[in-house]
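What follows is each chain in one-letter form.
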Amino acid sequence: MGAYLLEWLSLFFRWFHVIAGVAWIGASFYFVWLDLSLRKPPQWKTDKGISGDLWAVHGGGFYEIAKYKLEPEEMPKTLHWFKWEAYTTWLTGAAMMSIVYYANATAYLIDPSKVPFTSIGAIATSLLFLFGSYFIYEVIVRSHLGKNAFIFSTLIFILLVIASWGSYQLFSDRASFIHIGAILGTVMVGNVFFGIMPAQRALVDCVRRGEKPGKEVAELALQAKNRSLMNNYFTLPLIFTMISNHYPMMYAHEKGWLVLVFVGIITATARHYFNQKHLGHKKPRYLVIPAVLTVLLIIWMRPEPIEPAPAMPATASVAPTTTDSTPPDISAITDTNTDTVANANNSANNNATNSADNSISTDAVTAEAVPVSASADDAMMDVVHTRCSTCHAVQPTQQGFAAPPAGIILQTPEDLKIHKAKIVTAVQTGYMPLGNITQLTDAERQQLVAYASSL
């Protein structure tokens, strides 16, 4: 019942997170475009303190938009603030983080092959990692380094590269991408809460009091501008990390942290192109560079070719009967197909030699032997039932799963054949099992990929 309720909570907060995120990102894109598209107004508007204006047509009507340098002639009765899109996105994202990664830490957050955390230890480390990263950012942005856009941006990029590498040393691959996304989202909403909104409130208060904004307000406005610029370049990398759990080939790569760095560079450079375009500067190199980097990333990430498993007979050789009714050792079932064939040949040769030495007819040997080796299907299905079906079953037995992930059931060879394309990708990239919770070995992984590809 607990897992079932978590599934519903995940569904509920995921939809609110998507809606809030779309609203926030849409408003961000709109205002960046708006601010960069403003043109010099006519003199009569300039005399009123307007620094730029813009005309637009949408929905069957014309819109006239004007931006004041600092304050309007009088404070409007209704003033719209853009903040709750950011706050709601972060709050629903934090709820999703708690439901998916903290409530099911052993399945999604922890990778025992990296750090054998307890659930509490992993959650505590995650929170320290997230808020510690934000604290470092806030110290930098409030220092004199935060006043220089180039130095500030370069330093933040270096720190994010370090954070990407660090997250991969601590958490599961999938959780690593999400943690970087959580850092970006926390920085962005922190920029709104601690930088942009205070500057806007200070400006509005001055206008309401009929005072001219002074040096303190101007400094707040400059800091807010740098924070807003950072949010602008973080937007596309944040979107990628928000949906990254759908792309295991990215985060499950052996150098996944470096993949994330490349994606960050590609998306931020593409964002820079549009920023320049809005200013009227056409610089196609800022689209060519991301395109070239994307091609290089695709080539670098390409997986090794899959060698299909050789066709195997339904049964292997025979062995002498004994009075012991103990079933064959499970290790015999999980041996590789090559070893099974080799053992079968050796067993047949030994039986033939013994028959000749003891002058026993071939018919007699055959009468005293029964087949005991499992087929290739049986061998692989034993691996599947042990490593995969605990989650991918009609009724999962793995804690934290109320239903099979993505509705995929893997309990028979026919199930494997139906989903073989997904199995090959998920197993080959290391995406499945999640966090390798069932301890699938490298040898078993290779066997499963080869077997599934040959179906």
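Residues numbered from 1 in each chain as written. Predicted model: local features only at pLDDT ≥ 70, side-chain atom pairs only at ≥ 80, totals over all residues. Heavy atoms only, no water.

A. A look at a nonpolar patch on the surface. A surface patch of nonpolar side chains, amounting to about 700 Å² of accessible area, comprises Phe135, Ile136, Val139, Phe157, Ile158, Leu159, Ile162 and Ile265. Elements supplying a minimum of two residues to the nonpolar patch: helix H5 (119-142) and helix H6 (149-170). Per element, the largest residue contribution to the nonpolar patch is 4 residues, and it comes from H6. We classify Phe135 as exposed; its relative accessible area is 57%. (Patch = residues over 30% accessible without salt bridge, like charges linked within 9 Å, V, L, I, M, F, W, Y side chains within 5 Å. Areas by Shrake-Rupley, 256 points an atom, 1.4 Å probe, with all protein chains shown as cover. Salt bridge = Lys/Arg side-chain N within 4 Å of Asp/Glu carboxyl O. Helix = DSSP H or I, 4+ residues; strand = E, 2+ residues; numbered from the N terminus. Buried < 20%, exposed > 50% of the residue type's maximum accessible area, 1.4 Å probe, protein only.)

B. Molecular detail of the environment of Gly195. Mapped onto the elements, Gly195 comes out in helix H7 (residues 173-209). The buried category is assigned to Gly195, whose relative accessible area is 2%. A sequence separation of 26 residues divides Gly195 from Ala221, and the C-alpha atoms of the two residues are 8.5 Å apart. Every residue in contact with Gly195, bar those within four places of it in the chain, is listed here: Gly190, Ala224 and Arg227. (Contact = heavy atoms within 4.5 Å.)

C. Seen up close, the pairing of strand E1 (residues 50-58). The sheet contact formed by E1 and strand E2 (residues 61-68) spans 8 bridges and is antiparallel. Note that in E2 the partner of Asp53 across the bridge is Ala66. Counting the residues between successive antiparallel strands, the hairpin from E1 to E2 contains 2 residues, one of them, Gly59, with a positive phi of roughly 60 degrees. (Pairing = 2+ DSSP bridges.)

D. Main features of unusual backbone geometry. Despite not being glycine, Gln439 has its phi angle at roughly 60 degrees, a positive value. Here Gln439 shows up in the loop between helix H17 (420-429) and helix H18 (442-453). Gln439 sits in the partly exposed class, given a relative accessible area of 43%.

E. Just the side chain of Asn231, in detail. Relative to the assigned elements, Asn231 resides in helix H8 (residues 215-242). Apart from the residues lying within four places of it in its own chain, the contact partners of Asn231 are Val187, Met188, Asn191, Val192 and Ile196.

F. Representation of the pattern of salt bridges. Enumeration over the complete set of coordinates arrives at 8 salt bridges. A salt bridge links Arg387 to Glu444; its shortest N-O distance comes to 3.0 Å. On the criterion of sequence distance, the pair formed by Arg387 in helix H15 (residues 376-387) and Glu444 in helix H18 is long-range, its members being 57 residues apart. Classification of Arg387 as buried rests on a relative accessible area of 19%. Through salt bridges with shared partners, one network takes in Lys45, Asp53 and Glu64.

G. Looking closely at the nonpolar core. Counting 61 residues, the largest nonpolar core has Tyr101, Leu109, Tyr137, Ile156, Ile183, Phe234 and Met250 as its most contacted members. Here this core gets 14 residues from one element, more than from any other, and that element is H7. In this structure Met250 touches Phe177, Phe240, Gly256, Val259, Val263, Leu297 and Met301, once residues within four positions along its chain are discounted. Core analysis: the next-biggest nonpolar cluster, separate from the first, contains 16 residues, Met381, Val383, Ile423 and Leu448 among them. (Core = buried A, V, L, I, M, F, W, Y, C linked by side-chain atoms within 4.5 Å.)

H. Quick peek at the packing of aromatic side chains. A complete count under the given rule lists 19 aromatic pairs for this structure. Summarising the aromatic geometry, the rings of Phe177 and Tyr251 are spaced 6.1 Å apart at their centres and angled 65 degrees between planes, so their arrangement reads as edge-to-face. Separated by 74 residues along the polypeptide, Phe177 in helix H7 and Tyr251 in helix H9 (residues 248-251) bring together distant segments of the chain. Tyr251 matches Phe177 in its accessibility class, with the two residues each being buried. Three or more aromatic residues joined by ring pairs make a cluster, and in this case those are Trp84, Tyr87, Tyr134, Tyr137, Phe152, Phe193 and Phe194. (Phe/Tyr/Trp six-rings, centres within 6.5 Å; stacked < 30°, edge-to-face > 60°.)

Everything listed here is a matter of geometry and, on its own, says nothing about what the molecule does.
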